[in-house]
Amino acid sequence: MSANTVLKRVAAAFDSSLFLRPLCKLYKTNMASTRVVDMRSDTVTTPTEPMRAAMAGAAVGDDVYGEDPTAIALQGKMASLLGKEAGLFLPTGTMSNLAALMCHANGRGEEVILGDRSHISIWEQGAIASLGGIFPRQVRNNPDGTLDLDELVSKIHPGGHDGHYCLTKAIVIENTQNFCGGAPISPEYMDKVASIARKHSLKIHVDGARLFNAATALDVEAKELVKHADTVSVCLSKGLGAPVGSVLVGSKETIDRCHRIRKALGGGMRQIGVLAAPGLVALETILPLLKTDHENAKLFAQGVAGFGEFGVTVDVERVRSNMVLFSIERDDLRAERFCEFMEEEGSSDSPPFLKARLLAQGTDGKVVRAVFHHQVSREDTEDVLKKMRNILSKKY
Ligand SMILES: Cc1ncc(COP(=O)(O)O)c(C=O)c1O
């Protein structure tokens, strides 16, 4: 236990005494800084000192002319990690997915097949339709994140004389699957998707915002997971902890075309070495820590499983990467209110001075999401569980 934690605990004990409370208040305002554990997402990390140093010292050039040495290094590194010819730095995962799909489906009346719980379907404002002119043909996501392959095959319309249908151009697989609790998609499943895609001459795009989490969870090389993919988008700003950016990889010809599309989408940036540099640091220093995030997520889920008596349910087996989804099945406590309580400081609660930020997900008022990243430690995980017990054991 750190010295600060001990001091905070003493202060909390004082806080519960009427006479000593003013002393405690003085201590609290002057000494004990509140500890915030932010588990809403893995996008909330702040850049590490080595990342900031790399940004400050990055070699740069005009990337629209293809002259930024740091971006070139990052793009090359990601392409080689994923077994592809070329890479392209983009500001966001959303733009990266959009550019890839605009490359694969670039004519009128064309569609891509994707999961009804995919990030592209739910959380990207329908940009592939509104900006890309692509019809999103949805297939049900199974709870394990996969798409039902019979349903997928039934929805393919690759061409022919029947003018009723869109022309199917690509299949999109999200790995890990965010909405399904960070479910990793296996290489064996990807083999099946690939044989369908080949049979119908379809491209495969992998939204691998958290591809390295999937590789870590399945204990395989990331390139093994995407060997059949024509394009793969990987986010640097999720579990990898960099402040910004995604890298799209594929064949040289595909990436050249995506380079043109990126410019049209307003993503042609100039001295982006300052943005690419922390990405390189993330691959060196944060990638090896993903395993610990997964262990903390599992530990957390096991702790949450012990709150069954308070009306909380969690499927521990489903927790395979850095996300935990659990449900609060209670009439007196909705997920939103629970998250508010977790964020309140509550100095006399145990542990003291801890604000835990979690996300109420969906609209049923039950599901809460906790996401693990390199700025949530094992001690944080244990303390958040203690705070949860405190809150859940009360009636409201
Ligand atoms: C699976 C997945 N794909 C794409 C994105 C989009 O990334 P960005 O927020 O950088 O646009 C996210 C963001 O959380 C995501 O979870």
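Residues numbered from 1 in each chain as written. Predicted model: local features only at pLDDT ≥ 70, side-chain atom pairs only at ≥ 80, totals over all residues. Heavy atoms only, no water.

In the Sequence similarities (unreviewed entry) part of its UniProt record, the protein is described as follows: "Belongs to the threonine aldolase family." (UniProt positions renumbered as here; feature names shortened; annotations may be inferred.)

Draft legend 1. How the structure looks around the pairing of strand E5 (residues 167–174). Most of E5 sits out of view: 6 of its 8 residues are buried. One ladder, built from 4 bridges, connects strand E3 (residues 110–115) with E5; its direction is parallel. Pairing of Ile 113 across the sheet is with Ile 171, part of E5. In this sheet, strand E6 (residues 203–208) lies alongside E5 in parallel orientation, the contact comprising 5 bridges. (Buried < 20%, exposed > 50% of the residue type's maximum accessible area, 1.4 Å probe, protein only. Helix = DSSP H or I, 4+ residues; strand = E, 2+ residues; numbered from the N terminus. Pairing = 2+ DSSP bridges.)

Draft legend 2. Geometry of the UniProt feature "domain: Aromatic amino acid beta-eliminating lyase/threonine aldolase" (unreviewed entry) in the protein. UniProt's entry tags residues 38–325 with the feature "domain: Aromatic amino acid beta-eliminating lyase/threonine aldolase" (unreviewed entry), counted in the numbering of this structure. Strand forms 16% of residues 38–325 and helix 40%; the C-alpha atoms that close the span are 15 Å apart.

Draft legend 3. Quick peek at the site of the ligand. Around the ligand sit Thr 92, Gly 93, Thr 94, Asn 97, His 119, Glu 124, Glu 174, Asn 178, Asp 207, Ala 209, Arg 210 and Lys 238, and that is every residue in its neighbourhood. With respect to the ligand, the side chain of Thr 94 contributes an N or O atom lying 2.6 Å from an oxygen atom. Here the ligand, which alone exposes 390 Å², has 84% of that area covered by the protein. In terms of residue count, the dominant contributor to the shell around the ligand is helix H5 (residues 93–104) (3 residues). (Near = heavy atom within 4 Å. Polar contact = N/O pair within 3.5 Å; in protein donor to acceptor, adjacent residues only side chain to side chain. Areas by Shrake-Rupley, 256 points an atom, 1.4 Å probe, with all protein chains shown as cover.)

Draft legend 4. Looking closely at the sheet that holds strand E7 (residues 231–235). With mixed pairing, 7 strands are arranged side by side in an open sheet as E2-E8-E7-E6-E5-E3-E4. At either end of the open sheet lies a strand with only one pairing partner, and these are strand E2 (86–90) and strand E4 (135–139). Strand-to-strand, the axes of this sheet are offset by a mean angle of 25 degrees, without reference to chain direction. Sheet contacts for H5: E2, E3, E5, E6, E7 and strand E8 (246–250); angle to E6, the most-contacted strand, approximately 180 degrees. (Axes fitted to C-alpha atoms, helices over the stretch in contact; angles between N-to-C directions. Contact = heavy atoms within 4.5 Å.)

Draft legend 5. Spotlight on the domain arrangement of the protein. According to the domain assignment, the protein consists of domain 1 (11–17 + 26–45 + 289–392) and domain 2 (49–285). Between the C-alpha centres of domain 1 and domain 2 the distance comes to 31 Å. With 17 residues of domain 1 at the contact, the number on the domain 2 side is 19 residues. A combined buried area of about 1600 Å² lies between domain 1 and domain 2, and 53% of that area is made up of carbon and sulfur atoms. Run the count over domain 1 and domain 2 and you get 1 salt bridge. Put simply, Arg 210 and Asp 42 hold a salt bridge, and the shortest N to O gap is 2.7 Å. Where domain 1 meets domain 2, there are 5 residue pairs in polar contact (both at pLDDT 80 or more). (Domains from an automatic or database assignment. Buried area = accessible area lost by both parts, 1.4 Å probe. Salt bridge = Lys/Arg side-chain N within 4 Å of Asp/Glu carboxyl O.)

Draft legend 6. Here's a closer look at unusual backbone geometry. Following Asn 175, the chain continues to Thr 176 via a peptide bond in cis, the omega torsion being 0 degrees. Within the secondary structure, Thr 176 is located in the loop between E5 and helix H9 (187–199). Not every positive phi belongs to a glycine, and Gln 125 is a case in point at roughly 55 degrees. By secondary structure assignment, the location of Gln 125 is in the loop between helix H6 (119–122) and helix H7 (127–130). For Asp 219, which is not glycine, the phi torsion reads 55 degrees and is therefore positive. As for its position among the elements, Asp 219 is in the loop between helix H10 (211–218) and helix H11 (222–225).

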